[in-house]
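# Coordinates in review
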Amino acid sequence: MVRIRLRRAGARNQPSYRMVAADQDCARDGRFLEVLGHYNPRHEPATIVVDEARMLHWLGKGAQPSDTMARLLGVVGTMKRFDRLKAGEALEGLLAEAALAAAHPTVPAPRAARPTKKAKAAAAAAAAAAAAPAA
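Residues numbered from 1 in each chain as written. Predicted model: local features only at pLDDT ≥ 70, side-chain atom pairs only at ≥ 80, totals over all residues. Heavy atoms only, no water.

All right, on to the packing of helix 3 (residues 78-86) against helix 4 (residues 91-103) then. As a packed pair, helix 3 and helix 4 sit with axes 10 Å apart at the nearest point and diverge in direction by 165°. Taken together, helix 3 and helix 4 sit at an angle that is classed as roughly antiparallel. When the axes of helix 3 and helix 4 are compared, the crossing they make is right-handed. The residues of helix 4 that touch helix 3, namely those facing Arg81, Arg84 and Leu85, are Leu91, Leu94, Glu97 and Ala98. For the contact of helix 3 with helix 4, the per-class residue count stands at four nonpolar, no polar and three charged. (Axes fitted to C-alpha atoms, helices over the stretch in contact; angles between N-to-C directions. Helix = DSSP H or I, 4+ residues; strand = E, 2+ residues; numbered from the N terminus. Parallel < 35°, antiparallel > 145°, perpendicular 65-115°, else oblique. Left-handed = near helix turned anticlockwise from the far one by under 90°. Contact = heavy atoms within 4.5 Å. Nonpolar A, V, L, I, M, F, W, Y, C, P; charged D, E, K, R; others polar.)

Moving on: the environment of Lys117. Looking at the element boundaries, Lys117 is found in helix 5 (residues 117-131). With 43 residues separating them along the chain, Lys117 and Gly74 place their C-alpha atoms 35 Å apart.

For Val20, the position within the fold is in strand 2 (residues 16-23). Taking the relative accessible area as the measure of exposure, Val20 reaches 1% and is therefore buried. Each C-alpha atom of the pair Val20 and Leu33 lies 7.1 Å from the other, and the pair is 13 residues apart in sequence. When residues no more than four places from it in sequence are discounted, the contact partners of Val20 are Arg3, Ile4, Arg5, Arg7, Phe32, Glu34, Val35 and Leu36. (Buried < 20%, exposed > 50% of the residue type's maximum accessible area, 1.4 Å probe, protein only.)

Structure follows, in structure tokens:
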């Protein structure tokens, strides 16, 4: 079975990924059939570029996206467009919509930053001061 999944690229501790169509039995970074896009989680917001026509082609042929790929394709709207393609909508209209969406991307909300130890200590001290009775 053909799977649509991520193939790791980039140096150590600097991952970026290629979206590929690959046989299910091949290794993560092994042989693949076609590159369908790329994903860079290190940018803020993360960069997701999809070749929509080829992605819809492989999904139409029965390729199954991995869980992570299904989430990423949901973020860019490809899965909704694929559902509309299955319902009978014209491919050309969907590709035009995808090109328009790629030209004017909506920026997802940035990931919440983890609080530092100092910020946690200050919040704890403020909570303790508020809880202590005033004398």
